[in-house]
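Observations on the model geometry
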Amino acid sequence: MNDMTAITIPDGSKPDHWATDQEVRWCPGCGDYAILKAVQRTMPEIGTKPENTVFVSGIGCSSRFPYYMETYGFHTIHGRAPAIATGVKLANPALDVWIITGDGDGLSIGGNHMLHLLRRNLDVQVLLFNNEIYGLTKGQASPTSRIGTRSPSTPFGSVDQPVNPCAFALGAGARFIARGIDTAQKQLPEIFKAAHAHKGASFVEIFQNCIVYNEDVFAAFTDKKNAGPKQIWVKHGEPLVFDNGTKGLRLVPGQLALEVIDIVDGDISGVLVHDQTNRGLVQMLLELPFGDFPMVLGVIYQDPKPSFEAQVTAQNHSVAAGKKADLNALIRKGQSWTVHDAATHKM
Amino acid sequence: MATALKDNFESTAPRTNHPDAVVVRFAGDSGDGMQLTGGQFTLSSALAGNDFSTFPDFPAEIRAPQGTTFGVSAFQVNFGSSDIETAGDQPDVLIAMNPAALKTNVGDLRPGGLVIADTGEFGARNLAKAGYTVSPIDDNSLARWQVLAFDISALTLEAVKPFGLGNKEALRCKNMWTLGLSLWMFDRDRAPLIAWLQDKFAKNPVLADANIAALNAGHAYGETAEIGGALRQWTVDPASVEPGYYRTITGGESLSLGLVAGAKLAGLDLFLGSYPITPASPVLHALARLKEFGVTSFQAEDEIAAVCAAIGASYAGQLGVTSSSGPGIALKGEALGLAIMTELPLVVVNSQRGGPSTGLPTKTEQSDLYQAIYGRNGDAPMVVLSTSSPTDCFDVAIEAVRLSVQFMTPVMLLTDGYIANAAQPWLVPDMADYEAFPVKFHTEVPAEGKFNPYQRDPETLKRVWVKPGTPGLTHRIGGIEKGFSTGNINYEAANHQKMTDTRQDKILNIANHIPDQDIDQGAAGGKLVVVGWGSTYGPIRKAVESARAKGLDVSHVHIRYLWPLPKNLGDLLKSFDKVLVPEMNTGQLKTVLRDQYLVDAKPLNKVSGQPFKIAEIEAAIDAELARKG
């Protein structure tokens, strides 16, 4: 008998431990490649193991993601990844569960599940790839498409009001909300690490460029030339400044509204300091109208509460404590009587 | 107080005060506590050693407008010294708490049967609500029956007077007064009921005392009223049954316990994902309380989330279960396809109700058989089992778990609203008599090459079950067509053919691992076989029993395994000259049998929301045997 080759199981310490042998089938130039790369770069830094990690997705371009991660993966059905992930996490809370979804999958067909996953606060990371279009079905308007979006299903322009994913998440009761951009390779891993470290549901919206059906829809703030004046990366405890420190956000005196001010000679007096636990401030930041204001990015909200599976497990344990799981006794409960041979009866 | 007794019944019915069996129906407003009264009366029958079967029949509205016909709630119990298999074709006794209850129920009463009516509720307003212009008690329209009409309301108020309750609260004790009278009529012990009331109203002793006083007053009324004639005591002997430990159990309870037992025999924790729906909710309620048995219950946001969470739990290594009724099962359809595609265990309980759409939420039907066998997109075969009675649910639930984990497949378990709510005495089994079927998760890392999550057992074709968290076996599964053993995405023509065939063969092969179809009564090769499935068991059994007693050549086959069908079923059916299929739908099993075996199965259909009567099936047997050809 030949010597058995020792079986080596990748420990996840290198990005390539997290890549599968499957050919990636997104369109060349798709923003999904960049997000995949960022996730594979993040995983070794998190220190978790591939076998303890589960990627769950729904349907859509983004939802092919699990096939490319050398972890446990479940490519489910349209919109239902949050529901499947809930079962996975409740059955085994030790697993590190990531949900990959898109604007159609997560906010249209699966909007209800997303709402309930966030309000229950299941300890998972939700990465929502927002490209404001249905890619896999060839370019129809999505629930995040801006009014007037022309598509095969809206040839004269869409007329319905889009949903703001992060504002929706806040309204649903999410305790961690972040925004990133597919190409932001410096910031994305930091966001993913923060999302992973957060106990409870972490909601991360990633602006993702669909080069085929909605190219450059985010160019107004993602183009290199626009990055400075049109992106504000927020950080807890730091002033809300952008454009190389030349602009800042402050409250309009006497009003509950924000305005952009110029910062002259580094004088940041009056500029708001970001407080990621201040729900009121967060609400305003998430709903700032883009154009007059920059796009707010980074970890915008984080205010942890106990997670759903932790509470379910705790209740299961406390209710079961001291009780014996005696099946024979269980099925004998209730109103009962014994029939003896002579057909006499008693309780 | 006025006591009206009309004793001018026709003499068509056997009049004995020592019958083999008696059928009593309690009917009243949905707020009158008829389900409770019936349930307690049933318990007293159990304690008296009778065999019994019950039929709760209540409206979908929780508190429909008082006094209306659509707000009537009824509970029928058939109890006796003989083998009881149905809740009875026709009540012998009807207790009607108001005109609406009388109007909607009296037509079912056996000619000569006894009506007990509360005249206190027969005022002009209630009569009008029930659609009577004249009180039926006064106009001789009830001449076919014996009528005992007296003011139960006033008698109850009188009995509970010492406790100082308000009028409304005092009248609430009417059902206990009625129960007391019923206990007297059948010579039942009041002590267990008194103990039950003391326990139920432990926090409000005044209410406990008032209800007990009402119960005693009703009992005393029977003893002392000396009405004679219709109001008399009946003696129903204990049934001669197998000795042992018995309890009363409803189908919902029995099914829940069976699922827990099945999970334990498989060595798995149980995860229930469910969404409230009538008449399936009792399963959710029962399992939510059993945490010490390794049960996690999850009330999901909708039916789809409920099944998806159960699939997620199965994927993670627990036994995923979801429970619903037809409309909910329809919503779960796509996810069932996912469970079939990913070849994960899953038990899906369908407590069927009248359909389509919202249909008749509280009424029974068995019209989801097509949905169970065929109701998914693509060629999506799964195992389908059915339960035939409340007590049968326990073993069928265990069997559903066994097939699901041993063959890595979703299993649909069909029960119905009648079984879910009906109660029977149950000879409680000993779990030590059940053979365990422990699940073995796959953990072996291949020495070389990639791990293939769809590697299969060559005989059963089931794939391996790997729990996430197992080192070295990371893999991806999903709803897209997969390569035969790798599980990788594969759109090739030949592969899809092979995978579709494999999924089908895996399920059909289960026929080699289930018992052959047995014959409930009769023998192969006769003139007529009556084939049923589900809750028609009781009426078919009784009808065939009766037909055979008359010397007719008729047999009864009752199918538990609906997909795949038992291997011998085709030959068995073909051995008979004629096949009759009674079903509470428009002929679904009939179609399946014709399709599978080319047998000339004749349908007998009923979709009234009510179970079959024995007489209806007997009549069909007679007609079928008389038919030429």
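What counts and how
Residues numbered from 1 in each chain as written. Chains lettered and ligands numbered in written order. Predicted model: local features only at pLDDT ≥ 70, side-chain atom pairs only at ≥ 80, totals over all residues. Heavy atoms only, no water. Helix = DSSP H or I, 4+ residues; strand = E, 2+ residues; numbered from the N terminus. Buried < 20%, exposed > 50% of the residue type's maximum accessible area, 1.4 Å probe, protein only. Contact = heavy atoms within 4.5 Å. Areas by Shrake-Rupley, 256 points an atom, 1.4 Å probe, with all protein chains shown as cover. Lys, Arg positive; Asp, Glu negative; His and termini not counted. Charge placed at Lys NZ, Arg CZ, Asp CG, Glu CD. Rg over C-alpha atoms; globule rule 2.2 N^0.38 Å. Phe/Tyr/Trp six-rings, centres within 6.5 Å; stacked < 30°, edge-to-face > 60°. Lys NZ or Arg CZ within 6 Å of the ring centre and 35° of its normal. Axes fitted to C-alpha atoms, helices over the stretch in contact; angles between N-to-C directions. Parallel < 35°, antiparallel > 145°, perpendicular 65-115°, else oblique. Left-handed = near helix turned anticlockwise from the far one by under 90°. Buried area = accessible area lost by both parts, 1.4 Å probe. Salt bridge = Lys/Arg side-chain N within 4 Å of Asp/Glu carboxyl O. Pairing = 2+ DSSP bridges. Right-handed = clockwise from strand over helix to strand, strands pointing away. Polar contact = N/O pair within 3.5 Å; in protein donor to acceptor, adjacent residues only side chain to side chain. Core = buried A, V, L, I, M, F, W, Y, C linked by side-chain atoms within 4.5 Å. Expected span 1.5 Å × (residues − 1). Disulfide = S-S within 2.5 Å. pLDDT = per-residue confidence, 0-100.

1. Focus on the overall build of chain A
Along chain A, the regular secondary structure elements total 11 helices and 15 strands. Structurally, chain A occupies a C-alpha span of about 100 × 70 × 45 Å along its principal axes. By the burial criterion, 54% of the 347 residues in chain A qualify as buried. Sequence-distant contacts in chain A: of pairs separated by 6 or more residues, those separated by 24 or more amount to 64%. Surface exposure of chain A reaches about 15,000 Å², of which carbon and sulfur atoms provide 53%. If the 31 positive side-chain charges of chain A are averaged to one point and the 34 negative ones to another, these points end up 7 Å apart.

2. Some details on the overall build of chain B
A tally of regular secondary structure across chain B gives 20 helices and 21 strands. In terms of overall dimensions, chain B is globule-like: its C-alpha atoms have a radius of gyration of 27 Å, near the 25 Å expected for 629 residues. By its C-alpha atoms, chain B is 90 × 65 × 45 Å across when sized along the principal axes. As displayed, chain B offers around 22,400 Å² of accessible surface, 50% of which is attributable to carbon and sulfur atoms. Between the centroid of the 54 positive side chains of chain B and the centroid of its 68 negative side chains there is a distance of 4 Å.

3. A look at the packing of aromatic side chains
Under the definition given, this model contains 27 aromatic pairs over all chains. Plain terms: the ring middles of Phe218 of chain A and Phe221 of chain A are 5.8 Å apart, the flat faces sit at 55° to each other, and that makes the pair tilted. Ring pairing ties together the aromatic residues Trp26, Tyr33, Phe55, Phe65, Tyr68, Trp98 and Phe129 of chain A, which thus form one cluster. Looking at Lys230 of chain A, its charged tip hangs above the ring of Phe290 of chain A, at a distance of 5.9 Å from the centre. Cation over ring: Arg456 of chain B sits above Phe484 of chain B, and NZ or CZ is 5.4 Å from the ring centre.

4. Some details on the packing of helix H4 (residues 152–160) of chain B against helix H8 (residues 205–224) of chain B
Residue and element names in this part refer to chain B. It is the contact of H4 with H8, at a shortest axis distance of 9 Å, that shows an interaxial angle of 125°. The pairing of H4 with H8 is recorded here as oblique in orientation. Where H4 crosses over H8, the handedness of that crossing is right-handed. Taking contact as the criterion, the partners of Leu155, Thr156, Ala159 and Val160 in H4 are, on H8, Ala210, Ala213, Ala214, Ala217 and Tyr221.

5. Observations regarding helix H5 (residues 165–172) of chain A
Counting buried residues in H5 of chain A gives 6 out of 8 residues, a clear majority hidden from the surface. Remark: Gly173 of chain A follows H5 of chain A within two positions and exhibits a positive phi of approximately 105°.

6. Let's talk about the interface of chain B and chain A
How big an interface is tends to be stated in terms of accessible area lost as the parts join. Counting residues at the interface gives 78 residues for chain B, matched by 64 residues for chain A. The contact between chain B and chain A buries some 6,000 Å² in all, and 65% of this surface belongs to carbon and sulfur atoms. It is Glu292, Glu301 and Arg476 of chain B in chain B that bury the most area against chain A; as a group they hold 12% of the surface buried on that side. Here chain B and chain A share 3 salt bridges between them. Put simply, Glu70 of chain A and Arg476 of chain B hold a salt bridge, and the shortest N to O gap is 2.9 Å.

7. Thoughts on the pairing of strand S17 (residues 528–532) of chain B
All names here are of chain B. A large share of S17 lies buried, amounting to 5 of its 5 residues. Neither face of S17 is exposed, since Leu528, Val530 and Gly532 on one face and Val529 and Val531 on the opposite face are all buried. As defined by bridge partners, S17 adjoins strand S18 (residues 554–558) across 5 bridges and the pair is classed as parallel. The residue bridging Val530 from the neighbouring strand is His556, located in S18. For the crossover that starts at S17, traverses helix H17 (residues 537–549) and ends in the parallel S18, the hand is right-handed. Of the pairings in the sheet, the one linking S17 to strand S20 (residues 578–583) comprises 3 bridges and is parallel in character. Counted as the bridge partner of Val529 is Val579 from S20.

8. A short note on the environment of Leu43 of chain B
Residue position: Leu43 of chain B is located in helix H1 (residues 34–47). On the basis of relative accessibility, which here comes to 7%, the residue Leu43 of chain B falls in the buried class. As a C-alpha pair, Leu43 of chain B and Arg247 of chain B span 204 residues in sequence and 9.3 Å in three-dimensional space. Not counting residues within four places of it along the chain, the set of residues in contact with Leu43 of chain B comprises Gln335 of chain A together with Thr248 of chain B.

9. Comments concerning the environment of Gln517 of chain B
Residue and element names in this part refer to chain B. On the secondary structure map, Gln517 appears in the loop between helix H16 (493–508) and S17. When the C-alpha atoms of Gln517 and Ala310 are compared, they prove to be 31 Å apart, with 207 residues separating the residues in sequence. If we skip the residues at most four places from it in the chain, Gln517 touches Val557, His558, Ile559, Arg560, Pro566, Asn568, Leu569 and Leu572. Separated by 2.9 Å, the side chain of Gln517 and the backbone oxygen of His558 make a polar contact.

10. Examining the nonpolar core
In this structure, Leu259, Val531, Leu589 and Leu593 of chain B are the most contacted members of the largest nonpolar core, which totals 162 residues. Ignoring any residue separated from it by four or fewer positions in sequence, one finds Leu589 of chain B in contact with Leu369, Val531, Gly532, Trp533, Ile559, Leu562, Val581 and Glu583 of chain B.

11. Examining unusual backbone geometry
In this chain, Thr278 of chain B is followed by Pro279 of chain B through a cis amide linkage whose omega measures 0°. The amide bond that connects Trp563 of chain B to the next residue, Pro564 of chain B, takes the cis arrangement and shows omega of -5°. With respect to the helices, strands and loops of the structure, Pro564 of chain B is situated in the loop between strand S19 (561–563) and helix H18 (569–574). The backbone of Asn121 of chain A sits at a positive phi, close to 70°, despite the residue not being glycine. With respect to the helices and strands, Asn121 of chain A occurs in the loop between helix H4 (111–120) and strand S4 (125–130). Despite not being glycine, Leu598 of chain B has its phi angle at roughly 55°, a positive value. Secondary-structure assignment places Leu598 of chain B in the loop between helix H19 (588–597) and strand S21 (601–605).

12. Some details on the pattern of salt bridges
A full pass over the atoms with the stated rule returns 33 salt bridges over all chains. Across the pair Glu259 of chain A and Arg250 of chain A runs a salt bridge, and its minimum N-O distance is 2.6 Å. A relative accessible area of 27% means that Arg250 of chain A is categorised as partly exposed. Through salt bridges with shared partners, a single ionic network connects Asp83, Glu85, Arg541, Lys542 and Glu545 of chain B.

13. Re helix H11 (residues 303–315) of chain B
The end-to-end C-alpha distance of H11 of chain B is 18 Å, a good match for the 18 Å that 13 residues give at a rise of 1.5 Å each. A side-chain oxygen of the first residue of H11 of chain B lies 3.1 Å from the backbone nitrogen of Ile304 of chain B; this N-cap is Asp302 of chain B.

14. A short note on the state of the cysteines
Residue and element names in this part refer to chain A. Taken as a whole and judged by the stated rule, the model has 0 disulfides over all chains. There is no disulfide at Cys210, and the cysteine sulfur nearest it, in Cys61, is 6.5 Å away. With relative accessibility at 10%, the residue Cys210 sits in the buried group.

15. Comments concerning the sheet that holds S18 of chain B
Residue and element names in this part refer to chain B. On the basis of which strands lie adjacent, the open sheet formed by 4 strands has the order S18-S17-S20-S21 and parallel pairing. The open sheet is flanked by S18 and S21, the only strands paired with a single partner. In this sheet, neighbouring strand axes are inclined to one another by 25° on average, regardless of whether the strands run parallel or antiparallel. Relative to S21, S20 runs parallel, the two sharing 5 bridges. Bridge pairing links Pro582 to Leu604 in S21.

16. Concerning the confidence of the model for chain A
The predicted coordinates should not be examined in detail at positions where pLDDT is low. In the predicted model, chain A carries a mean pLDDT of 95, and the fraction of residues at 70 or more is 96%. The low-confidence segment residues 343–347 of chain A, where pLDDT is below 50, has 17 contacts with residues more than four positions distant or belonging to other chains.

17. Quick notes on the side chain of Asp243 of chain A
Residue and element names in this part refer to chain A. Among the structural elements, Asp243 can be located in the loop between strand S10 (241–242) and strand S11 (247–251). Looking at Asp243, the relative accessible area reads 19%, which means it is buried. Polar side-chain contacts of Asp243 include one of 3.3 Å to the side chain of Lys247. When neighbours within four sequence positions are excluded, Asp243 is seen to be in contact with Gly228 and Pro229.

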